[in-house]
Amino acid sequence: MLSKRLIVCLDVRDRKVTKGVKFVGNVDIGDPVTMAKEYSDGGVDELVFYDITASAEGRPIDLQMVEQVAEQVFIPFSVGGGIRNVDDMRRALLAGADKVSVNSLAVQHPEIIRDGAVAFGNQCIVLGMDALKVEPSAAIPSGYEVVIRGGRTRMGLDAVQWAQRAQELGAGEICLNSIDADGTRDGYELTVTRLVSEAVDIPVIASGGAGVPQHLAAVLTVGRADAALVASMVHYGDYTCQSIKQDLHAAGVKVRLSW
Amino acid sequence: MVAIIDYEAGNLTSVALAVRHLGFVGEVTQDPAVIASAERVIFPGQGAAGSAMANLRRLGLDQPLRAAIADGRPVLGICIAHQLIFDHTAEDGGVACLGLLPGPVIRFDFAGRRVKIPQMGWNAVELQTAHPVFEGFESGWECYFVHSYYPVPADPALTLASTEYEGLSFASIVGRDNLISTQFHPEKSGRAGLTLLRNFLTWDGRPC
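Residues numbered from 1 in each chain as written. Chains lettered and ligands numbered in written order. Predicted model: local features only at pLDDT ≥ 70, side-chain atom pairs only at ≥ 80, totals over all residues.

## Quick word on the nonpolar core
Then step 1. Formed by 161 residues in total, the largest nonpolar core has its most connected members in Val8, Leu47, Val100, Ile174 and Ala228 of chain A together with Val41 of chain B.
Then step 2. In this structure, Ile174 of chain A is in contact with Leu127, Met129, Ala163, Ala166, Val196, Val200, Ile202, Val204 and Ile205 of chain A, ignoring residues within four places of it in sequence. (Core = buried A, V, L, I, M, F, W, Y, C linked by C-beta atoms within 7 Å. Buried ≥ 20, exposed ≤ 12 C-beta atoms within 10 Å, placed from the backbone. Contact = placed C-beta atoms within 7 Å.)

## Quick word on the sheet that holds strand β13 (residues 168-176) of chain B
Residues and elements named next belong to chain B.
Then step 1. On the basis of which strands lie adjacent, the open sheet formed by 8 strands has the order β2-β1-β3-β4-β14-β13-β12-β9 and mixed pairing. Each edge of the sheet is formed by a strand with only one pairing partner; in this case those strands are β2 (26-29) and β9 (126-127).
Then step 2. The sheet contact formed by β13 and strand β14 (residues 179-182) spans 4 bridges and is antiparallel. Residue Arg176 lies in a different strand from β14, and its bridge partner there is Leu179.
Then step 3. This element, helix α4 (residues 62-71), spans β1 (2-5), β3 (40-43), β4 (75-78) and β14 of the sheet and lies at about 130° to β3. (Pairing = 2+ DSSP bridges. Helix = DSSP H or I, 4+ residues; strand = E, 2+ residues; numbered from the N terminus. Axes fitted to C-alpha atoms, helices over the stretch in contact; angles between N-to-C directions.)

## A look at unusual backbone geometry
All names here are of chain B.
Then step 1. Residue Ile117 is joined to Pro118 through a cis peptide bond whose omega torsion reads 5°.
Then step 2. Within the secondary structure, Pro118 is located in the loop between β7 (104-107) and β8 (119-124).
Then step 3. Phi at Glu8 takes a positive value of approximately 60°, unusual for a residue other than glycine.
Then step 4. Following the sequence through the fold, Glu8 ends up in the loop between β1 and α1 (13-21).
Then step 5. Residue classification places Glu8 among the partly exposed positions, given that 16 C-beta atoms sit within 10 Å.
Then step 6. At Glu166, a residue that is not glycine, the phi angle is positive and equals roughly 50°.
Then step 7. Structurally, Glu166 can be placed in the loop between β12 (159-165) and β13.
Then step 8. Since 13 C-beta atoms lie within 10 Å of it, Glu166 is described here as partly exposed.

## Here we look at the pairing of β7 of chain B
Then step 1. Note: strand β5 (residues 88-89) of chain B against β7 of chain B, 2 bridges, orientation parallel. Opposite His88 of chain B, over in β7 of chain B, you have Pro104 of chain B as the bridge partner.

Written out as structure tokens, the structure reads:
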């Protein structure tokens, strides 16, 4: 039986893993390669690296970091941030990433999904999506709208329809982040996760809002997610991947327990 | 030296890095002469079967692969190669494959039940038999899969390990003589995968 995946997200800036803290800005919490190795040894199923300043600075993703991770970590990992075109995807994959993630670029230029999938296979292309809860309307029937720039720009696009379109274009997976839940530690947005997961045939990773293991259990069952993404829960040592997985197992969620 | 066949079917960086990490010399190659002189061969790959078979033939790499198997040199297939070694696949409207092992490759079909395809993630590998490559690998350890198709060996003895996805059991490791093949990615399966890969890299090609 396929296990539900626990995925740790590392936001990277200037070769350091960083974590946004409200009103304070970002604090550095460690070296990405060292942390990747520790999480891998600790039983995480997959890793995600976001180069959080690459896009704003108009530069490609930090390929040297990708290479160093690939040399030391033998579980799947994806990279995002700073992917501008198919050539950037190619460089990231050749550096050793298993998947590349596109978010705002795909909203503005959906053909990047198709071009990437044709060039490298659907399994390499992850659609990152930020969804905001809105009043349902003719344009946004699900009541969840796709937003970019951390929620600052609403795109007039229905999150469920966009997920289906991305699947048609060749996305292999969707990482769905709830802007409303992100950073709250109050739990994932179960409704949008379930709506999207039931509307597509490809795996959906739930992101945003994880505070305690019960939140993961809920999104992996009620929310129908295939994987759950965490960051601060494990970065600050409140939980380990192992402790989260033991709690998920106790809650009846199938997870990988030996590594 | 282990030759890692590059037939333009996906990214081989991880396979090469895993071989190096284990302390072995691997060479990613499109050169039939390098494959012919290699002590052992890894036949990796991901993506679509149609283009993979076409590339393999266009680059003239199917013959040195057949020769390695005929010579008794250890050969490891991974992911799409796990399917290409069989007779035929239903993918891409039907594609004739290498026929190194008998049987077809078919798509996951759950009779209308909505199931996520591809199977993507970690799943248990249940060993069906003893094999030198399984030394230190505990049956039930999970490995990382990404696939929509799977082979159905004509001879049940070819199935060395099986895995269950949504109630359907399929051959996740197959083998005969000096050929062994995994549907999952050992280079991406943490300690479990590296255990199998290390065993393969020291295997003499004899099944028992």
